[in-house]
Each structure stands twice: as C-alpha cells, then as structure tokens.
Amino acid sequence: MEFSTRKLRKSVLVPAGFTLLFSGALESLAAVKSSSFERKQETWSQLNYYSPTEGFHSKGSYGLHLGIGAVAPTPISEGEKSEERNELEQPKARLFVGKGTPWPVDFGASFSILEGKKAMQGGLHMQWTVYEGFQMPSIAFRASRSMLSNYHELKELTTDSVELGASYGIIRYVILSLGVSQQWEKGRTQAEDEFLMLADTDLPEWSDRRTVYSWGLNISPFTPFIQIGLEQSYWDKRTQVSLAKISFLL
C-alpha cells in the first residue's frame, strides 16, 4: 500500500512539476517577445517621425526648397543588441521638399529611403504661421501625417500630429526653435504568427497617443540659398529621434 501511494504521488507530482516548469518557460518567453516587440514599436515610431527640420517662420513666396538629410533612432543598450536591431537603428536617408505661398501658409513633404523593394516611409505637412515680426519670435501651428509600410515585421504605421512651435533668430544667421506636439499613432504588424504565444496582448494591431517635445537649430551660411537644420525630439526618457538636413532654395 505504501508503494502504491508513493507511485501515485510520483505519477501526479512529476507531470505537475513539468507543467509548472513549461508554464513558467512560456511566460518567460512571452515576456521576452513582448519586450522585444515593444522595443521595435519604439524604433518604428522614431523612423516614422515627421518633421521638415526647419523653424516655424513662413517661407513667403520664395521658390521651391529641396533638401537631403537623415533620421536616426536612439540606440538601445548594448545588452539588447542583435544583428536585426543594429540594422533597424541605422540612420535612414530622407529627402525633403518645401514650398511657401504669398500667405503665411507653407507646405512640405519628405520621403525616407528604406531597405527592401516595398518598404516606404513618407509624410507631408501644412504650416500656418500665426505671428512673426522683426526681432520677434515666429509662432506657428503645424499639422502633419506620416506613413511607414512593409518594413520588416511592420505592415503599416500611420502617425498624425498637431504641433505648436516658436522660432527666434538669436544671431543673424542662426534660428533656434522649440515645439510641442500631440501625436496619434496606429500600426499593424505582418508577422502575427510570431506573437500567438503572448497571452492577453493584442500585438497584431495597436494604437497610441503621445506628447512630443522638440528643439531645433537652423544655420544659414549663405542665406537664403543654403540652410542646415538639426532637430532633437523625444517623448519619454529613453525614446528620442534626431534629424539633420541641408536644404537648397531653387
């Protein structure tokens, strides 16, 4: 009878132990995958971040502005590095175009060059300069939409933004800009099978809203024909994106 009881205990406890161990392993795997996915979300958001990388003053009725630059996501810690992460976080080239009007309303667009035949990123904006004057700050509202599609596991990502910003010329050829924007993001992954083991997490589709703060510096060494623009934007302690651009007035 004692032997039968031991055998019964072993037959019950051993499978239960394996079940608990397997369950713990699944939870650990789910946590790792969820963390990895969230980190990729951050990088995708940074790559899809839109900005003309210029001040908030109006262009007026000048001609067409063409520019070339790059967007660079924030690198992650060395402990999380992988070949895929390194590739995702490389700076991506970006083309810019801007056009002023006789009114204080400007338009612009940008396009990023990404890896892959179908991978695309682009955006556009409209800016209304509410106020500007001699030796006074320029104040403007800017609305934009940007889209990133078919990039690695990402199927599509759309970001809409409304921004309030101000610019001021601290010396003759240098303009400092500050801005704050509200952004609405909606994305969808095309690698759903990889995330089926993640319980209680709706990974294939997501949406987010964030407040983004930015500052920029524009230098015009040969005003107004050539302008160099730099911008740093962030929306939490570890997520920020840098942009650089050189533009030409045609």
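Residues numbered from 1 in each chain as written. Predicted model: local features only at pLDDT ≥ 70, side-chain atom pairs only at ≥ 80, totals over all residues. Heavy atoms only, no water.

Describe unusual backbone geometry, and please don't skip the residues or the numbers.
Here the phi dihedral of T53 falls at roughly 55 degrees; this positive angle occurs in a residue that is not glycine. Take T53: it is sitting in the loop between α1 (2–47) and β1 (64–73). (Helix = DSSP H or I, 4+ residues; strand = E, 2+ residues; numbered from the N terminus.)

How would you explain the sheet that holds strand β3 (residues 105–112) if you had to name every residue and give the values?
The sheet built from ten strands closes into a barrel, its strands ordered β1-β2-β3-β4-β5-β6-β7-β8-β9-β10 with antiparallel pairing. Sheet twist, expressed as the mean angle between neighbouring strand axes with direction ignored, is 20 degrees. Taken together, the 13 bridges between strand β5 (residues 138–151) and strand β6 (residues 154–171) define a ladder with antiparallel strand orientation. In the sheet register, M147 faces β6, and the bridge partner there is T158. (Pairing = 2+ DSSP bridges. Axes fitted to C-alpha atoms, helices over the stretch in contact; angles between N-to-C directions.)

Describe the environment of L66, with residues and values.
Note that L66 resides in strand β1. By relative accessible area, which is 34% here, L66 ends up partly exposed. If we ignore the near neighbours within four places in the chain, the residues touching L66 are F96, V97, I246, S247, F248 and L250. (Buried < 20%, exposed > 50% of the residue type's maximum accessible area, 1.4 Å probe, protein only. Contact = heavy atoms within 4.5 Å.)

Can you break down the pairing of strand β2 (residues 92–99) residue by residue, with the values?
Of the two faces of β2, the one holding K92, R94, F96 and G98 is buried and the one holding A93, L95, V97 and K99 is not buried anywhere. In this sheet, β2 lies alongside β1 in antiparallel orientation, the contact comprising eight bridges. By the bridge assignment, I68 is partnered in β2 with L95. For β2 and β3, the ladder comprises six bridges, and the chain directions are antiparallel. Residue pairing across strands places V97 opposite A109, the latter belonging to β3. Here β2 folds back onto β3, and the loop between the two strands holds five residues.

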